[in-house]
Amino acid sequence: MISAGSVNRRREMALLIWPSLILIAGYGYMASSGLQHPGWQPAYALILLLAGFWGSHLVLRVTRHGGDEFLFPLAAVLNALGLTFLFRLDPALAYRQIIWTMIGLLVLVVVTTGFRDYQRLEQYPYLFLSLGLFFLLITVLVGTRIGGAKSWLTLGEFQMQPVEAVKVLMVMYLAGYLSDKRELLVQGTGRATWGPLLVATALAVLLLVIQRDLGSALILLATFLAMLYLATGKGRYVALGGGLFSLGALLAYQLFPYLRVRIAIWINPWADAAGAGYQIVQALIALGSGGVFGTGLGLGQSQVIPVVARDFIFVTMGEEMGLLGSIGIALLYLLLALRGFRAAVAAREEQGILLAGGLTVLVTFQAFIIMAGVSKLLPLTGVTLPFVSYGGSSLVISYLILGLLLNVSASLRGIRL
């Protein structure tokens with residue numbers, strides 16, 4: 001059973017000291033460097049963020065939420081680090097990110113208090129699928145192309161990336177569908193059940209490829225294969241899916257010139273270091289100059305990289321905190337994955353296993369491919385680093401995912417946190 005101590009959330013309260021200290025240190029850096037926005041004062045920003053984090057903890061404590069006490073502090077540490085480096089790169093973006101942080105924390109509170117019974121949310125898998133495909137189709141038809149990918153919707157001054165919500169909607173569809181059809185898939189007698197599953201996933205991936213959002217397409221496909229394995233336990237399904245993905249990737253390489261350019265840049269960015277390869281070349285230089293211990297906060301030169309606050313913020317962190325700091329960031333995501341998978345393994349029913357497992361893969365795999373992309377381990381994909389990069393859509397949806405993980409972990413089957 002969940003212990004009374006976990007309901008009191010004492011460990012969460014103790015762990016929240018760390019993001020608080022990071023924010024206070026960031027405030028000291030802002031004040032000493034004179035990084036201010038005309039409409040804001042650093043002290044007000046600090047108070048607002050501390051109130052947001054500790055207020056969210058208080059709500060979880062007062063409502064006696066039994067969710068994992070490590071998840072929220074891990075997300076808060078990543079968020080606090082991201083805000084600190086955003087202030088270093090672009091104070092105007094950082095103050096906007098504060099607003100998105102508060103909206104994300106509000107979403108977290110709403111999900112953990114008003115939608116604690118997550119099983120009710122998964123009774124309508126085709127509704128989530130329809131919404132996800134609708135958002136993708138609308139983006140293809142009337143979306144705005146930014147940074148090469150047509151993945152944005154623009155409404156006056158407001159811009160959003162529907163794909164962030166679509167990924168969660170697809171996970172919720174897969175969790176509902178796979179839990180309902182699990183026995184047929186495991187026994188191998190449910191061939192008719194494969195049709196809706198494969199068509200829906202293939203259509204979503206195709207719409208993302210048409211948008212040139214290859215990173216999101218890869219994340220969605222990896223999440224689908226992981227959830228399929230969680231539902232059936234059959235590795236051959238994953239192997240078959242991986243093989244089909246490889247064939248599809250080869251076909252896309254032949255059909256889409258922009259993909260061939262991206263692969264060529266990945267293989268040898270120095271061939272066009274002042275043009276198409278400029279971002280990755282500068283990223284490698286910045287990471288190399290950071291060494292083991294880093295240059296120190298504010299002493300790096302990564303601001304020369306275009307859209308560094310969105311796609312390349314990990315480079316800034318790696319340059320100014322060094323190799324040790326980069327490893328620390330990666331370990332935070334590994335810990336987040338560990339707690340998320342622990343909630344999945346301990347869930348009382350199939351839907352909880354699939355939902356927690358799928359959402360954990362969604363967040364941590366996205367973090368992996370962007371960290372690998374900016375360090376040239378994989379081809380660069382324009383996705384955000386969850387809880388860290390600038391981006392309202394990404395941050396709000398990340399807190400939505402966190403709320404759902406907390407709800408699943410609150411109903412563990414007799415396992416102490």
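Scroll up to find the structure this text is about.
Residues numbered from 1 in each chain as written. Predicted model: local features only at pLDDT ≥ 70, side-chain atom pairs only at ≥ 80, totals over all residues. Heavy atoms only, no water.

On to the overall build of the protein chain, then. Along the protein chain, the regular secondary structure elements total 16 helices and three strands. In terms of overall size, the protein chain behaves like a compact globule, its C-alpha atoms giving a radius of gyration of 21 Å where 417 residues would be expected to give roughly 22 Å. For the protein chain, the spread of C-alpha atoms along the principal axes amounts to about 65 × 60 × 45 Å. Within the protein chain, the proportion of its 417 residues that are buried is 51%. Of the contacts formed within the protein chain by residues at least 6 apart in sequence, a portion of 74% connects residues at least 24 apart. (Helix = DSSP H or I, 4+ residues; strand = E, 2+ residues; numbered from the N terminus. Rg over C-alpha atoms; globule rule 2.2 N^0.38 Å. Buried < 20%, exposed > 50% of the residue type's maximum accessible area, 1.4 Å probe, protein only. Contact = heavy atoms within 4.5 Å.)

What follows covers the environment of D117. As for its position among the elements, D117 is in the loop between α6 (91-114) and α7 (125-142). With a relative accessible area of 37%, D117 lands in the partly exposed category. Linking D117 and A410, residues 293 residues apart in sequence, is a C-alpha distance of 9.9 Å.

Attention shifts here to the environment of F245. Within the fold, F245 resides in helix α11 (residues 235-255). A relative accessible area of 37% means that F245 is categorised as partly exposed. F245 has contacts with L218 and L221, leaving out every residue within four places of it along the chain.

Let's shift gears to the packing of aromatic side chains. According to the stated counting rule, one finds ten aromatic pairs in the structure shown. Their ring planes at 55 degrees and their centres at 6.1 Å tell us that Y126 and Y173 sit as a pair that is tilted. Pair noted here: Y126 is in helix α7 and Y173 is in helix α8 (residues 162-187), with a separation of 47 residues, a long-range link. With a centroid separation of 6.2 Å and 35 degrees between ring planes, the pair formed by F365 and F368 is classed as tilted. On the criterion of helical spacing, the pair formed by F365 and F368 is a turn pair, its members being three residues apart in helix α15 (residues 350-374). You can call F368 partly exposed: its relative accessible area is 44%. Three or more aromatic residues joined by ring pairs make a cluster, and in this case those are Y126, Y173 and Y177. (Phe/Tyr/Trp six-rings, centres within 6.5 Å; stacked < 30°, edge-to-face > 60°.)

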